[in-house]
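These are the residues of each chain, in order.
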Amino acid sequence: MIRIDRVLLLTSVCYVPLVSAEWQVNLIEGATDISRSVYDLHMIIFYICVAIAVVVFGIMFWSIIWHRKSRGAKAAHFHESTWVEIIWTIIPVVILVSMAVPASTTLIQMYDKNNADLDIQITGYQWKWRYKYLNQDIDFFSSLTTPQEQINNQQAKSEHYLLEVDKPLVIPAGKKVRFLLTSNDVIHSWWVPALAVKKDAIPGFINESWTLVDEPGIYRGQCAELCGRDHGFMPIVVEVKSPADYQLWLAEQANLKVAEQQSAQRQMSQAELMAQGEQVYKARCAACHQPEGQGIPGVFPGLVGSKLMTGDAAEHINVVLFGRSGTAMQAFGEQLSVVDLASVITYERNAWGNQGGSVTVQQINALLKE
Amino acid sequence: MGNVEQVVHSAGHHGPAKGLTRWLFTTNHKDIGTLYLLFSLTMFFVGGCMALTIRAELFQPGLQLIRPEFFNQMTTSHGLIMVFGAVMPAFVGLANWLIPIMIGAPDMALPRMNNWSFWILPFAFAMMLSTLLMEGGGPNFGWTFYAPLSTTYAPPSVTFFIFAVHMMGISSIMGAINVIATILNMRTPGMKLMDMPLFVWTWLITAFLLIAVMPVLAGVVTMMLMDIHFGTSFFDAAGGGDPVLFQHVFWFFGHPEVYIMILPAFGVVSEIIPTFARKRLFGYTSMVYATASIALLSFIVWAHHMFAVGMPLAGELFFMYTTMLIAVPTGVKIFNWVATMFRGSMTFETPMLFALAFVVLFTIGGFSGLMLSIAPADFQYHDTYFVVAHFHYVLVPGSVFSIMAAAYYWLPKWTGNMYNETMGKLHFWLSFIGVNVTFFPMHFLGLAGMPRRIPDYALQFADFNMVATLGAFLFGLSQLLFVYNVVCCIRSGKKASNEVWEGSHGLEWTLSSPPPYHSFIEPPIFSHPYKDGHRGE
């Protein structure tokens, strides 16, 4: 069905009405009661603007067409009228008040954060999101999976180019989910258009927002506040599951946790560590330190031949685990599993001609416990 | 006494100094006005090249031309240069040229300070642009430079950026003091405040805004400087500071700042429309009050830029209501312009075309501003291309078109020669088409969900981005016509009469074209252009 407002919008710009995703011209209605109220507000204010525009520009173009000197128009002499000024002050005020009422109602609904069924803490990091389910043992990072080859035009771009992540945020349908937003470094903003939720994630602050999605589905969004180099590369994917599927997902997360703990017990060879480390490096480190470890002078330090890579392993592990405060180097100890940490540090110490020797899971565990 | 008279008298006959020193040491308001306008034009092209770099990268999805870190430097520098280097100096240039000859004064009240306030600018911008060549790159945190991205996480060059902003602030404050001193003290006898041309009125109000908020900007960058180098924690939560405080202080400057860039434009358009409608401006008094109301309201709306930072409900409601209120005085101005045209006798020379486009396109920018004021809807619009479309509609076909209109309108007065009308009209139509093709699709992009300040985007945004880029290059290239036309007009052209336009009104049109180097050595007799049976009445 072609919506009437869409047709109006399209014809208003004299554009051939092809309704396709590529030429989307309007806000989406979204998947929640709130997002639909916001959409309605948007359309009302839009129509009010169109109506005012028709009247004002109508009179203006009437004058331009008929009251031109080349048609022999003689200028009139009127130049002020207190009554007219009062009228065109009062009418806009009335229109604005009629607009403020529904806007305030919706805003008050949005601010009603009580009685949530589920609380999720969302933390912004340069440039990924962390989702921590409060009172449950679920805590994971969610980062972009679009490969660099697609971004650099060496591969065809996939359907959800730049809007795909490794682990989406999973929430149950029909439940009120409260988000507690904060940040680990700079200000980010968590935005999913279909939920009409956009809230800044600010270091040192906890902001609240909530959603209640009726239908299962996958909803995509992006960071909306400039947060540095890869601001354009930190998408959000929310997977809304039916309550039954959501319970299955919870069970699956618990199993994964056990499996991860088991793999940390196993001894890995240097070749295994290097292979896995390369994967982790590409996904997590290459954006700043560059694929060949050369870094960007003055911004991100290079790793090739760096003292840290070839010197004492404990110092290297320390930086990766706990980050360098005041720089973009984050504390990866909380972001990666011990196996990933051991592999990526081993990789950094032995790739690109570095000769720093390998690092074991046990070394990492020892430092993490301190 | 006799001596003084003699000195004044001989000053009237001495012309400009020769060579480069004329421009370096000049205290003449016309020379300084010209310097400001040429500086602004240069910065318009520098910032324009940055805009085209941005648009070229966004022509297609994927990273083709520049890397994300350089993209961020381009968006930041483009914004800073266009706001502080192109639009603001252009209006100060117009103020310098026009205010004295509109109020019958021989010069600005503080000519030496005038020289200084201009000559600070080239150094400030040279310093800011030089950061692009430094290790770590130039400012990359957006023209709004939100902390902590601009403090803890900033490149080392941020210190130079802070110093450059301080210098620009000093220049603006001195310019504003000069404007106020001139308008309040140097009007020709008989010209009351409510007799002043609207351009003078809007600049008087703008100058007060500048004096009120430029120190706030200086304060906020100084707090950044302290955080970066002296161990304070104004904006660092880890030290007990508050990153949101930065935004409150910045926007307390920033919102009046956007009116600083539009109020003089209102003044320009209020001069031009009556001339070419051959009819007196409708509702002069209400125009003055509307301008003052907008200026006052601008101090209590700042947090509408921050609806998403998590303010309490009462704060959101307050800033939503005050912001919506701004539509009332702005509406009054637009209705007055339309009423001025209604039953006039209109002709459509280039300045009028730009002024008419201003009315229509600025109003469209005003509509999207009204939509943005609705806080719940703003959660969807905020930090998307819808906002980019909104502020470019009020700044490009708003402020920039009014500056173009002013340039065409007063060029014959300034140079004594008519510009090429055909070329002017061509410039207008190419600019008009270019501006709309560039910025109108950005409304759609924003509503469809494209965030601003991203170097690469999802595939559903590809088509409109391509259209916008084509429009941007059309707009950018057509500005070369303007330069060519201005250069030709300075060098030669049909001689302009004193009145220049059939419907012109005001003291500046009583001077010769071009006016003498020192004009109104003796105060002219002021007679209200309409009250005394002047043509047009």
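Keep in mind that this is a model prediction, so the values were computed, not measured.

**Student:** What should I look at first to understand the overall build of chain A in this one?
**Tutor:** Helix and strand counts for chain A stand at 10 helices and 10 strands. Relative to the compact-globule value of 21 Å for 370 residues, chain A shows a C-alpha radius of gyration of 28 Å, a clear excess of over 25%. Once the C-alpha set of chain A is aligned to its principal axes, its extents read approximately 90 × 50 × 40 Å. A sequence separation of at least 24 residues applies to 61% of the contacts in chain A between residues at least 6 apart.

**Student:** I tried to follow the domain arrangement of chain A on my own but got confused; where do I start?
**Tutor:** Interface extent is often summarised as the accessible area lost during association of the parts. Residue and element names in this part refer to chain A. Domain annotation for chain A reports domain 1 (31-110), domain 2 (118-261) and domain 3 (265-369). Taking only C-alpha atoms into account, the centre of domain 1 sits 40 Å from that of domain 2. Every contact between the two is made by 5 residues of domain 1 and, on the other side, 10 residues of domain 2. Among the residues forming the side of domain 1 that touches domain 2, the class breakdown is 3 nonpolar, 2 polar and no charged.

**Student:** I keep staring at the nonpolar core and nothing clicks. Help me out?
**Tutor:** Here is a general trend for soluble globular proteins: nonpolar side chains tend to be buried in one another's company. Residues V269, F358 and A405 of chain B are the most contacted members of the largest nonpolar core, which totals 268 residues. The residues touching A405 of chain B, leaving out its near neighbours within four places in the chain, are V268, V269, I272, P351, F354, A355 and F358 of chain B.

**Student:** Would you explain unusual backbone geometry in this entry?
**Tutor:** In terms of backbone geometry, most residues other than glycine have negative phi values and most peptide bonds are trans. Here the residue pair Q126 of chain A and W127 of chain A is connected by a cis peptide bond, since its omega of -5° sits within 30 degrees of zero. As for its position among the elements, W127 of chain A is in the loop between β1 (118-125) and β2 (128-133). Residue A147 of chain B is joined to P148 of chain B through a cis peptide bond whose omega torsion reads 0°. Mapped onto the elements, P148 of chain B comes out in the loop between α5 (111-130) and α6 (158-185). In this model, A196 of chain A sits at a positive phi of 50°, which is unusual for a non-glycine residue. Checked against the element boundaries, A196 of chain A lands in the loop between β6 (188-192) and β7 (197-201). Classification of A196 of chain A as buried rests on a count of 29 C-beta atoms within 10 Å. Phi at R453 of chain B is positive, roughly 60°, even though this residue is not glycine. Classification of R453 of chain B by C-beta neighbours within 10 Å gives buried; the count is 22.

**Student:** Which parts of the structure should I look at to understand helix α7 (residues 198-229) of chain B?
**Tutor:** One turn of the α-helix equals 3.6 residues, which is why residues spaced by three or four share an orientation. Residue and element names in this part refer to chain B. Spanning 32 residues, α7 covers 46 Å between terminal C-alpha atoms, matching the ideal 46 Å at 1.5 Å per step. Bending of α7 peaks at approximately 25° at the position of I211, with proline P215 no more than four residues after it. Phi for G231, located one or two positions after α7, is positive at around 75°.

**Student:** Looking at this model, I keep getting lost on the interface of chain B and chain A. Mind explaining?
**Tutor:** Each partner contributes residues to the interface: chain B has 86 residues there, and chain A has 83 residues. Split by residue class, the side of chain B that touches chain A holds 54 nonpolar, 20 polar and 12 charged.

The rules we used
- Residues numbered from 1 in each chain as written.
- Chains lettered and ligands numbered in written order.
- Predicted model: local features only at pLDDT ≥ 70, side-chain atom pairs only at ≥ 80, totals over all residues.
- Helix = DSSP H or I, 4+ residues; strand = E, 2+ residues; numbered from the N terminus.
- Rg over C-alpha atoms; globule rule 2.2 N^0.38 Å.
- Contact = placed C-beta atoms within 7 Å.
- Domains from an automatic or database assignment.
- Nonpolar A, V, L, I, M, F, W, Y, C, P; charged D, E, K, R; others polar.
- Core = buried A, V, L, I, M, F, W, Y, C linked by C-beta atoms within 7 Å.
- Buried ≥ 20, exposed ≤ 12 C-beta atoms within 10 Å, placed from the backbone.
- Expected span 1.5 Å × (residues − 1).
- Bend = angle between axes of the 7 residues up to and from the residue.

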